[in-house]
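Residue-level listing of the chains:
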Amino acid sequence: FFFQAEDGIRDYKVTGVQTCALPICVYWSLDGGRNHAEAAARDMAAKSYELKAKSSQLEIAAEINKAHDSFSAASLKLENTVAQIEDSWKAFYGAIELFKSKRIDATTLIQSQAQLVEAIASLESARRERNIALAQMYRYSARWPPNVGDLLEKSLPQIQRRAAKP
């Protein structure tokens, strides 16, 4: 259709009214709002994917924190167990000396030896817990904690000896 408008210029030199006609082409799609609904659905789907990604990131961060806490606790337990073994060895050597001087009986010596054996078993358990926590932390963060490379190099010969035993 055509649009016609007056320019509104009236001047004493200009007689009459100046007009112009502009061709305007209008295209109207009657889709019943389907395109708008599809766009809104895509927008909501994109927001949903963003929220899922954020949720996944938060879950991973929580798992990393949990694994780090487990690693820290297991490392502390390992340190305490090593100290317990040192004390158990001292107590056992002291019990041997006391037994030689006949100030304690064999039952006390055997109890001291049992405490040492229990401390050694606790050491293996503490090492296993620390290694599991270390592996979980690596699994979630894909990074090893500091100084683990040195620890692995020191432990490798022992691990290979254990693996070689039938």
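Visitor: How should helix H1 (residues 34-100) be read in this particular structure?
Guide: Think of an α-helix as turning once every 3.6 residues; residues three or four places apart then point the same way. Along its 67 residues, H1 runs 97 Å from first to last C-alpha, staying within 8% of the 99 Å computed at 1.5 Å per residue. Lys102 lies just past H1 and shows a positive phi near 60°.

Visitor: Whenever I open this one, the pattern of salt bridges confuses me. Can you help?
Guide: Where charged atoms of side chains with opposite charge meet at close range, the side chains can pair. One pass over the structure, following the stated rule, counts six salt bridges. Residues Glu97 and Lys100 are paired through a salt bridge, measuring 3.9 Å at the closest nitrogen-oxygen approach. With a gap of three residues between them, Glu97 and Lys100 both fall in helix H1, about one helical turn apart. Look at Glu97 and you get partly exposed, because its relative accessible area is 48%. Overall, Lys100 belongs to the exposed group, its relative accessible area being 59%. Where salt bridges share partners, they join Arg34, Glu38 and Arg42 into one cluster.

Visitor: Whenever I open this one, a nonpolar patch on the surface confuses me. Can you help?
Guide: Nonpolar side chains collect at one region of the surface, where Trp89, Tyr93 and Ile120 lie side by side and expose about 300 Å² of accessible area between them. One can find Tyr93 in helix H1.

Visitor: Any chance you could explain the nonpolar core here in plain terms?
Guide: Looking at soluble globular proteins, one finds that nonpolar side chains tend to be buried together. If you look at the biggest cluster of nonpolar residues, it comprises six residues: Ala67, Phe71, Ala74, Ala133, Leu134 and Met137. Of all elements in the fold, only H1 and helix H2 (106-141) reach the threshold of two or more residues within this core. Those residues in contact with Ala74 that sit more than four places away from it in its chain are Glu129, Arg130 and Ala133. Within the second largest apolar cluster, five residues are counted, among which are Ile85, Ala119, Leu123 and Ala126.

Visitor: How should I be thinking about the confidence of the model for the chain in this particular structure?
Guide: Where the model shows low pLDDT, its predicted coordinates should not be examined in detail. Across the chain, pLDDT averages 79, with 73% of residues at or above 70. Below pLDDT 50 for its whole length, residues 1-8 participates in 19 contacts with residues either more than four positions away or in separate chains.

Visitor: Please clarify how unusual backbone geometry should be interpreted in this entry.
Guide: For residues that are not glycine, phi is negative in most cases, and the peptide bond is trans in most cases. Despite not being glycine, Lys102 shows a phi value in the positive range, around 60°. If you trace the backbone, Lys102 turns up in the loop between H1 and H2.

Visitor: I keep staring at the environment of Leu76 and nothing clicks. Help me out?
Guide: Among the structural elements, Leu76 can be located in helix H1. Separated by 50 residues in the primary sequence, Leu76 and Ala126 place their C-alpha atoms 9.2 Å from one another.

Visitor: I keep staring at the packing of aromatic side chains and nothing clicks. Help me out?
Guide: Each aromatic ring pair is described using two quantities: the centre-to-centre distance and the angle formed by the ring planes. Evaluation of the coordinates by the stated rule reveals three aromatic pairs. Aromatic pair Trp89 and Phe92: ring centres 6.4 Å apart, planes at 70°, arrangement edge-to-face. Here Trp89 pairs with Phe92, and both are found in helix H1, just three residues apart, close to one helical turn. By the ring-pair criterion, three or more aromatic residues cluster together here, those being Trp89, Phe92 and Tyr93.

About the thresholds
Residues numbered from 1 in each chain as written. Predicted model: local features only at pLDDT ≥ 70, side-chain atom pairs only at ≥ 80, totals over all residues. Heavy atoms only, no water. Helix = DSSP H or I, 4+ residues; strand = E, 2+ residues; numbered from the N terminus. Expected span 1.5 Å × (residues − 1). Salt bridge = Lys/Arg side-chain N within 4 Å of Asp/Glu carboxyl O. Buried < 20%, exposed > 50% of the residue type's maximum accessible area, 1.4 Å probe, protein only. Patch = residues over 30% accessible without salt bridge, like charges linked within 9 Å, V, L, I, M, F, W, Y side chains within 5 Å. Areas by Shrake-Rupley, 256 points an atom, 1.4 Å probe, with all protein chains shown as cover. Core = buried A, V, L, I, M, F, W, Y, C linked by side-chain atoms within 4.5 Å. Contact = heavy atoms within 4.5 Å. pLDDT = per-residue confidence, 0-100. Phe/Tyr/Trp six-rings, centres within 6.5 Å; stacked < 30°, edge-to-face > 60°.

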